[in-house]
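Coordinates in review
Residues per chain are reported as follows:
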Amino acid sequence: MSEVRGTAAVIEQFNHAFVHHLPDELDELVGEECVLEGIQPAPDGDRHEGRQACLAFWRSLAADRGTRFAPEEVVVAGEHATIRWRYHFGDGPADSVRGVNLMRVRDGRIVEAFGYGKTAGEVPLATPDAAVDAGWDGRSYHVDSGAGIDGLTLRRHRVAAPGPGQVLVAVRAAALSYRDLMVLRGDYVLPVKPDVVPVADGAGEVVAVGAGVRLVRIGDRVAATVFPHWQDGPFEVGQLAQLGGSLDGMLTELALLDERALVPVPAHLSFAEAATLPCAAVAAWNALTGDGGAGLRPGETVVTLGTGGVSLFALQLAKALGARVIATTSGPEKARRLVELGADEVVDYRADPDWPSVVRELTGGRGADRVVDVVGDLAQSLAAVKACGQVAFVGLLSGRTPALDPGRLFASGATVRALAVGSRAQFAAMNRVIEEHRIRPVVDRVVPFDRAPEAFRHYASGAAFGKVVIETAQPVRRV
Ligand SMILES: NC(=O)c1ccc[n+]([C@@H]2O[C@H](COP(=O)([O-])OP(=O)(O)OC[C@H]3O[C@@H](n4cnc5c(N)ncnc54)[C@H](OP(=O)(O)O)[C@@H]3O)[C@@H](O)[C@H]2O)c1
């Protein structure tokens, strides 16, 4: 639980907003307006009594109205206030609505409020008393490694209230990466747990926090890092656990995550845009800046390969850092879009398979300072990079591993650096550049949560230019 620093005015407005901005379902059910008066202010600094005062009030209200309201949690933390509740309108376990209201409070006034309610439907609900201690419920997709897109199943389940250091995130969007296809195909390089909630990338809103959480607050807009244990510094074997692989991922309505797995998302991005960042953008950022030296410097030449998620971010970030970008792609229409995004030169690798020679010509025979290689044909990258340049080895899209002559590597003097996404610190540093340069991720399309398999099929078809995003079906309304 966060600190409670509510004042009488805050609580009063909080309840006023709750009464006057009930979701439609509740408006229909309530029938008469209930007036919430007499709630005790939460004493400054006394979190337990403040919360108890709120709960006691809601319980007395419930008693007055025939045990119909079952508040589960009231938290006022700094600028943020939240209440989650059940409203029982009949005797059966399914005759109830469950919801949450979130508020942002500044100088004693509610400046923003939103809330939603859900009829319970098939969810077996506890009795009102038990509901006070119950967790949350939400839907998640699940899959076994190798089960393919048809193996995706959607299930509703309980999510425990966050424990110490944990945060409950209402996921608003998840984005697909190549690794997610590999998990479904069964050829992903890292371990995948059975019945995993797939997809590493997602962004959402903090709706509840556990004891001792200090890094985020209720209402924060956050994205999850792919490797939750990797905070900073070089990657280590003990940090291999990752979302949508050995850990449950983000294709869910509610994700329970460690607070250290979260970063705030740039304010100018929508949730759909922010969801695209954790894997592809952070890998691109690492490829450009994570070499242990000065990283990319203005005026350097960077080669990006193709128009996948990593490469488009590498293009956008490299341009923001002042580089010249030579991009390769497979056709004229994609080439046109690359130029729109800022590419200085584009090489069609289908028309000109010897693209490294073109890169050499374009750089006066010198070669590029850096190649961001998502394809894995390192001999090509070494042919394109300057003497003692940098090849960031990001992926193996080619599906084959051509033999690499060690003599060629030696002669190039180049550094070939294989990398795995990036740390939380790298994610945060990248976000500062994205925010400063108002970079907007390229989103190909946004598919509703209920149609997630369609999003996988579209992405797997190779037809997407930019990220394919799945938007969760949270009926959150701003009021
Ligand atoms: N190491 C890491 O941390 C990390 C992180 C993210 C991704 N990856 C890896 O990086 C690779 C790219 O990931 P992504 O998410 O950006 O993939 P993606 O979005 O699926 O990229 C697909 C695009 O790559 C291009 N492409 C495909 N095959 C190609 C080939 N043989 N030669 C040249 N271009 C080709 C195509 O663009 P054009 O038609 O324009 O050529 C295609 O549209 C994958 O292997 C992935 O596993 C690694």
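Shown above is the structure to which this text applies.
Conventions adopted
Residues numbered from 1 in each chain as written. Predicted model: local features only at pLDDT ≥ 70, side-chain atom pairs only at ≥ 80, totals over all residues. Heavy atoms only, no water. Helix = DSSP H or I, 4+ residues; strand = E, 2+ residues; numbered from the N terminus. Buried < 20%, exposed > 50% of the residue type's maximum accessible area, 1.4 Å probe, protein only. Contact = heavy atoms within 4.5 Å. Axes fitted to C-alpha atoms, helices over the stretch in contact; angles between N-to-C directions. Parallel < 35°, antiparallel > 145°, perpendicular 65-115°, else oblique. Left-handed = near helix turned anticlockwise from the far one by under 90°. Core = buried A, V, L, I, M, F, W, Y, C linked by side-chain atoms within 4.5 Å. Domains from an automatic or database assignment. Polar contact = N/O pair within 3.5 Å; in protein donor to acceptor, adjacent residues only side chain to side chain. Nonpolar A, V, L, I, M, F, W, Y, C, P; charged D, E, K, R; others polar. Near = heavy atom within 4 Å. Areas by Shrake-Rupley, 256 points an atom, 1.4 Å probe, with all protein chains shown as cover. Salt bridge = Lys/Arg side-chain N within 4 Å of Asp/Glu carboxyl O.

When helices and strands are tallied, the protein chain shows 14 helices and 20 strands. Taking all 479 residues of the protein chain together, the buried fraction comes to 56%. Put simply, 66% of the contacts in the protein chain that link residues at least 6 apart link residues at least 24 apart.

A few words on the packing of helix α7 (residues 277–289) against helix α8 (residues 309–320). One way to put it is that α7 packs onto α8 with a least axis distance of 8 Å and a crossing angle of 50 degrees. Taken together, the axes of α7 and α8 are oblique relative to one another. As α7 packs across α8, the resulting crossing turns out to be right-handed. Where α7 abuts α8, its residues Leu277, Ala280, Ala281, Ala284, Trp285 and Leu288 lie against Gly309, Val310, Phe313, Ala314, Leu317 and Ala318.

Attention shifts here to the nonpolar core. Residues Leu251, Leu317, Met430 and Phe456 are the most contacted members of the largest nonpolar core, which totals 94 residues. Shared between two domains, this core holds at least three residues of each, these being domain 2 (137–278 + 423–478) and domain 3 (291–418). Residues in contact with methionine 430, not counting those within four places in the same chain, are Leu277, Ala281, Val282, Trp285 and Leu317. Counting residues in each nonpolar core, the second largest holds 15 residues, with Val206, Val209, Ile218 and Met250 among its members.

Position of threonine 276 among the secondary structure elements: in the loop between α6 (271–274) and α7. Side-chain polar atoms of threonine 276 contact the backbone oxygen of glutamate 273, separated by 2.6 Å. Leave out the neighbours within four places in its chain, and threonine 276 touches Ala175, Asp201, Ala281, Phe313, Pro441, Val443, Lys467 and Val469.

Below, the discussion takes up the packing of α7 against helix α13 (residues 424–436). Running from amino to carboxyl end, α7 crosses α13 at an angle of 85 degrees, the nearest separation of the two axes being 10 Å. As judged from the angle between their axes, α7 and α13 are roughly perpendicular. Touching Leu277, Pro278, Ala281, Val282, Trp285 and Asn286 of α7 are Gln426, Phe427, Ala429, Met430, Asn431, Val433 and Ile434, all from α13. Across the contact of α7 with α13, the residue classes break down as 10 nonpolar, 3 polar and no charged.

On to helix α14 (residues 452–460). Turning to α14, its buried residues are Ala452, Pro453, Ala455, Phe456, His458 and Tyr459. Once α14 finishes, glycine 462 follows within two positions and takes phi at roughly 80 degrees, a positive value.

Here we take up the site of the ligand. In the neighbourhood of the ligand, 23 residues make up the surrounding shell, with Thr307, Thr329, Ser330, Tyr349 and Val421 lying closest. One of the backbone nitrogen or oxygen atoms of valine 394 is found 2.9 Å away from a nitrogen atom of the ligand. Protein burial of the ligand: of its 930 Å² of free accessible surface, 82% is covered by the chains. Those elements giving two or more residues to the shell around the ligand turn out to be α7 and α8. Taken together, the residues that form the shell around the ligand break down as 14 nonpolar, 8 polar and 1 charged.

We now examine the pattern of salt bridges. Using the criterion set out here, one finds 21 salt bridges in the structure. Arginine 457 serves as the salt-bridge partner of aspartate 150, at 2.8 Å between the closest nitrogen and oxygen. Highlighted residues: aspartate 150 in the loop between β5 (136–142) and β6 (153–159) and arginine 457 in helix α14, separated in sequence by 307 residues. On the basis of relative accessibility, which here comes to 68%, the residue aspartate 150 falls in the exposed class. Overall, arginine 457 belongs to the partly exposed group, its relative accessible area being 43%. Residue glutamate 300 is joined to arginine 370 by a salt bridge in which the shortest nitrogen-to-oxygen separation is 2.8 Å. Here the residue glutamate 300 occupies a position in the loop between α7 and β12 (301–305), and arginine 370 occupies one in strand β15 (residues 368–373), the gap between them amounting to 70 residues. Residue class for glutamate 300 comes out buried when judged on its relative accessible area of 10%. Where salt bridges share partners, they join Asp291, Arg297, Glu300 and Arg370 into one cluster.

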